[in-house]
Amino acid sequence: MTDTIGMVFIGVGLAFDVLGCLGLVRLPDVYNRLQAATKCVTLGTCSILFGTFLMTGGFTTAGFKALIAIVFLVLTSPVAAHAVSRGAHRAGIPLWEGSVVDRYAEDKEGEE
Amino acid sequence: MKTLRWLAGTVVLLGLIALIILLPFRSIFFAENPTHISFVGRVIYILILASLMVLYRVLKGPTAADRIVAIDIFGILIVGLSAVLGIATGRSWYIDIGIAWGLQSFIGTLALAKYLEGRSLGD
């Protein structure tokens, strides 16, 4: 029973992973790609790790390591995404022509 | 024309995933612990398919930020791959490889983002 629930978690995580990578291929812009790929792939990999936690028998050695990896991934992945998007904006990479709002540029104009 | 390209891409992607799921899986590796081996083998093939899509973005990407994002996503996918390998072989140190790879990928992404921003690492 626990194995079945773990397999369901791993399947959901795989679906999120493939959809996130599809977004990384298909979307038109750095910022759009970053948004789709980072959220989907982080959630999908966390789900795969939780399924690993269930399938390796709960609180064993491998299960604890999977939980630690979940906490680590949730803490670090948004930081990396934020740094990349800030760096891309400061490096002057243009937005897609269909974008409607750019709050960061407005904030920087207000400061100067 | 655009609809045709959409249809072709959807058919190719869903066909590859259905081929991976439906074909019978023969285990060549991991012969010592055969529990869940068919499930885990299919999971590994689908993760390799997703990694190939990420590598397309690394090769094609118009700007440097695209490549940095793709490498970051590739590292996160490898964390999941190593966790699944830990299920297949029943050895827990595969998850250690995943944790270490995630740490290196995080630090590398931060350093590359600083470089993209045009500042030095000491700031």
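Residues numbered from 1 in each chain as written. Chains lettered and ligands numbered in written order. Predicted model: local features only at pLDDT ≥ 70, side-chain atom pairs only at ≥ 80, totals over all residues.

## Focus: the overall build of chain B
Then, number 1: Broken down by element type, chain B carries four helices and zero strands.
Then, number 2: Along its sequence from the N terminus, chain B presents helices and strands in the succession α-α-α-α.
Then, number 3: Within chain B, the fraction of its 123 residues that count as buried is 31%.
Then, number 4: Of the contacts formed within chain B by residues at least 6 apart in sequence, a portion of 46% connects residues at least 24 apart. (Helix = DSSP H or I, 4+ residues; strand = E, 2+ residues; numbered from the N terminus. Buried ≥ 20, exposed ≤ 12 C-beta atoms within 10 Å, placed from the backbone. Contact = placed C-beta atoms within 7 Å.)

## A few points about the overall build of chain A
Then, number 1: A tally of helices and strands in chain A yields four helices and zero strands.
Then, number 2: The order of helices and strands in chain A, counted from the N terminus, is α-α-α-α.
Then, number 3: In terms of overall dimensions, chain A has C-alpha extents of about 60 × 25 × 15 Å along its principal axes.
Then, number 4: Buried positions account for 44% of the 112 residues belonging to chain A.
Then, number 5: Excluding contacts between residues fewer than 6 apart, the proportion of contacts in chain A whose partners are at least 24 apart in sequence is 64%.

## Thoughts on the packing of helix H1 (residues 2–26) of chain A against helix H2 (residues 30–55) of chain A
All names here are of chain A.
Then, number 1: H2 packs onto H1 with a crossing angle of 165 degrees between their chain directions and a minimal axis gap of 7 Å. As summarised for this structure, H1 and H2 are arranged roughly antiparallel, according to the angle between their axes. Crossing angle aside, the handedness with which H1 passes H2 is left-handed.
Then, number 2: Class assignment of the residues belonging to the contact of H1 with H2 gives a composition of 18 nonpolar, nine polar and three charged. (Axes fitted to C-alpha atoms, helices over the stretch in contact; angles between N-to-C directions. Parallel < 35°, antiparallel > 145°, perpendicular 65-115°, else oblique. Left-handed = near helix turned anticlockwise from the far one by under 90°. Nonpolar A, V, L, I, M, F, W, Y, C, P; charged D, E, K, R; others polar.)

## Let's talk about the interface of chain A and chain B
Many analyses report the size of an interface as the accessible area lost when the parts associate.
Then, number 1: Each partner contributes to the interface: chain A provides 41 residues, whereas chain B provides 39 residues.
Then, number 2: Those elements that provide at least two residues to the side of chain A that touches chain B are H1, H2 and helix H3 (61–90) of chain A.
Then, number 3: In terms of residue count, H3 of chain A provides more of the side of chain A that touches chain B than any other element does, 17 residues in total.

## Observations concerning H1 of chain A
Then, number 1: Here H1 of chain A spans 36 Å end to end across 25 residues, near enough to the 36 Å set by a 1.5 Å rise per residue.
Then, number 2: Taken residue by residue, H1 of chain A has Gly 6, Phe 9, Ile 10, Gly 13, Leu 14, Phe 16, Asp 17, Val 18, Gly 20, Cys 21, Gly 23 and Leu 24 of chain A as its buried positions.
Then, number 3: Each element contacted by the buried residues of H1 of chain A is listed here: H2 of chain A together with helix H2 (37–60) and helix H3 (64–89) of chain B. (Expected span 1.5 Å × (residues − 1).)

## Considering the nonpolar core
Then, number 1: If you look at the biggest cluster of nonpolar residues, it comprises 56 residues, and the most contacted ones within it are Leu 49 and Val 84 of chain A together with Val 54, Val 69, Ile 73, Leu 77 and Val 84 of chain B.
Then, number 2: When residues of this core are traced back to their parent elements, those giving at least two are H1, H2 and H3 of chain A together with H2, H3 and helix H4 (93–117) of chain B.
Then, number 3: At 15 residues, the largest contribution of residues to this core is made by H3 of chain B.
Then, number 4: With residues up to four places along the chain from it excluded, the contact list for Leu 49 of chain A reads Ala 66, Ala 69 and Ile 70 of chain A together with Gly 80 and Ala 83 of chain B. (Core = buried A, V, L, I, M, F, W, Y, C linked by C-beta atoms within 7 Å.)

## What to know about the packing of H2 of chain A against H3 of chain B
Then, number 1: In the contact formed by H2 of chain A and H3 of chain B, the axes pass within 9 Å of each other and the chain directions differ by 10 degrees. Taken together, H2 of chain A and H3 of chain B sit at an angle that is classed as roughly parallel. Counted together, Val 30, Arg 33, Leu 34, Ala 37, Val 41, Thr 42, Thr 45, Ile 48, Leu 49, Thr 52 and Met 55 of chain A of H2 of chain A and Ala 65, Asp 66, Val 69, Ile 73, Ile 76, Leu 77, Val 79, Gly 80, Ala 83, Val 84, Gly 86 and Ile 87 of chain B of H3 of chain B form the full contact between these two elements.
Then, number 2: The class makeup of the residues in the contact of H2 of chain A with H3 of chain B is 16 nonpolar, five polar and two charged.

## Details of H2 of chain A
Residues and elements named next belong to chain A.
Then, number 1: Here H2 spans 36 Å end to end across 26 residues, near enough to the 38 Å set by a 1.5 Å rise per residue.
Then, number 2: For H2, the tally of buried residues reaches 20 of 26 residues, placing the bulk of the element in the interior.
Then, number 3: One or two positions beyond H2, positive phi appears at Gly 57, with a value near 95 degrees.

## A short note on the confidence of the model for chain B
Then, number 1: Overall, the prediction assigns chain B a mean pLDDT of 84, with 88% of residues at 70 or greater.
Then, number 2: This complex was scored by the predictor with a pTM of 0.86 and an ipTM of 0.87. (pLDDT = per-residue confidence, 0-100.)

## Considering the environment of Lys 39 of chain A
Then, number 1: If you trace the backbone, Lys 39 of chain A turns up in helix H2.
Then, number 2: Each C-alpha atom of the pair Lys 39 of chain A and Leu 22 of chain A lies 13 Å from the other, and the pair is 17 residues apart in sequence.

## A word on the environment of Ser 85 of chain A
All names here are of chain A.
Then, number 1: Note on placement: Ser 85 falls in helix H3.
Then, number 2: For the pair Ser 85 and Thr 52, spaced 33 residues apart in the sequence, the C-alpha separation amounts to 31 Å.
Then, number 3: Beyond its immediate sequence surroundings of up to four residues, Ser 85 is in contact with Tyr 31 and Leu 34.

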